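A structural walkthrough
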Amino acid sequence: MTQTTPLHDRTVGQIAAQLPGASGVFRRFGIDFCCHGDVPLAEAANRRNLDLGALESALSALDPAAAPDAPQDTGALIDHIQTRYHATHRQQIPELIELSRKVEAVHANHPEVPRGLSDALHRIWGELEVHMKKEELVLFPAMRRQAADRLAVPISEMRHDHDDHGAFLDQVAQLTHDYTPPQDACRSWQALYAGAAQLKADLMEHIHLENNVLFPRFETTA
């Protein structure tokens, strides 16, 4: 599909990759543009019972000539992914694990305590670190060498990992009541949910840049 194809017929992944600012619109409307970016806009809106007209209006209000959300050159895009997202995850997730353990311990008897959140964060941290190392040591160097003929299998594995990361985000949303702390939440609890929401935003953008922008450059079509 081309950029002249009507918005409702284009996939959310294509729109997010081609239209600066679209990922922010999708986050506002609660549309998964990273792990399920292959869904047409009309279908994505229908799945969430959204007003397609309102969604299209929000997207149409964006400036297609605005600066891209990320570098376009492949090498620069890889650098951006590593510095903006890999480095960020390595800092934010351990901090969230420690904060979650504190909240779960101090508020163990609170009916809305996010019991199990620290375990979920610890699990994704281990999985994500392995995932990022594979990219940094194997996949990204091959992409820099333009070794496209050897990348089908590792890219497929990375996409599978991304699906698992998406399932993790769903789990965190459930545990945190969509990142909404109770009215009597202490500052640590509020900071935990704010940090978890930021992790969601960062991880979705990270996955989007790989799934919808970087990986397709090295995938052949039949």
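Described below are features of the structure shown in this document.

What counts as what
Residues numbered from 1 in each chain as written. Predicted model: local features only at pLDDT ≥ 70, side-chain atom pairs only at ≥ 80, totals over all residues. Heavy atoms only, no water. Helix = DSSP H or I, 4+ residues; strand = E, 2+ residues; numbered from the N terminus. Polar contact = N/O pair within 3.5 Å; in protein donor to acceptor, adjacent residues only side chain to side chain. Contact = heavy atoms within 4.5 Å. Core = buried A, V, L, I, M, F, W, Y, C linked by side-chain atoms within 4.5 Å. Buried < 20%, exposed > 50% of the residue type's maximum accessible area, 1.4 Å probe, protein only. Salt bridge = Lys/Arg side-chain N within 4 Å of Asp/Glu carboxyl O.

**A word on the side chain of Gln92**
- Mapping Gln92 onto the fold places it in helix H5 (residues 74-106).
- A distance of 3.3 Å separates the side chain of Gln92 from the side chain of Asp202, its partner in a polar contact.
- Dropping the residues within four chain positions of it, Gln92 is found in contact with Gln198, Leu199 and Asp202.

**Quick notes on the nonpolar core**
- Formed by 45 residues in total, the largest nonpolar core has its most connected members in Ile15, Phe26, Leu41, Leu55, Leu59 and Phe168.
- Elements with a minimum of two residues in this core: helix H1 (12-18), helix H2 (22-29), helix H3 (41-47), helix H4 (52-60), H5, helix H6 (117-144), helix H7 (152-175) and helix H8 (187-214).
- Ranked by the residues each element gives to this core, the list is headed by H8, at eight residues.
- Leaving out residues up to four positions away in the same chain, Ile15 has contacts with Leu7, Arg10, Ala22, Phe26, Leu41 and Leu59.
- Residues Ala147, Leu151, Leu214 and Phe218 belong to the second largest nonpolar core, which totals 18 residues.

**Some thoughts on the pattern of salt bridges**
- For the structure shown, the criterion picks out seven salt bridges.
- Of the charged contacts in the structure, one is a salt bridge between Arg90 and Glu129, with a shortest N-O distance of 3.0 Å. Highlighted residues: Arg90 in helix H5 and Glu129 in helix H6, separated in sequence by 39 residues.
- Where Arg90 meets Glu136, a salt bridge forms, and the shortest distance between an N and an O atom there is 2.9 Å. You can see Arg90 sitting in helix H5 and its partner Glu136 sitting in helix H6, a full 46 residues away along the chain.
- Arg90 gets classed as partly exposed once you look at its relative accessible area, which sits at 27%.
- Among the ionic contacts, a cluster of salt bridges with common partners joins Arg90, Glu129 and Glu136.

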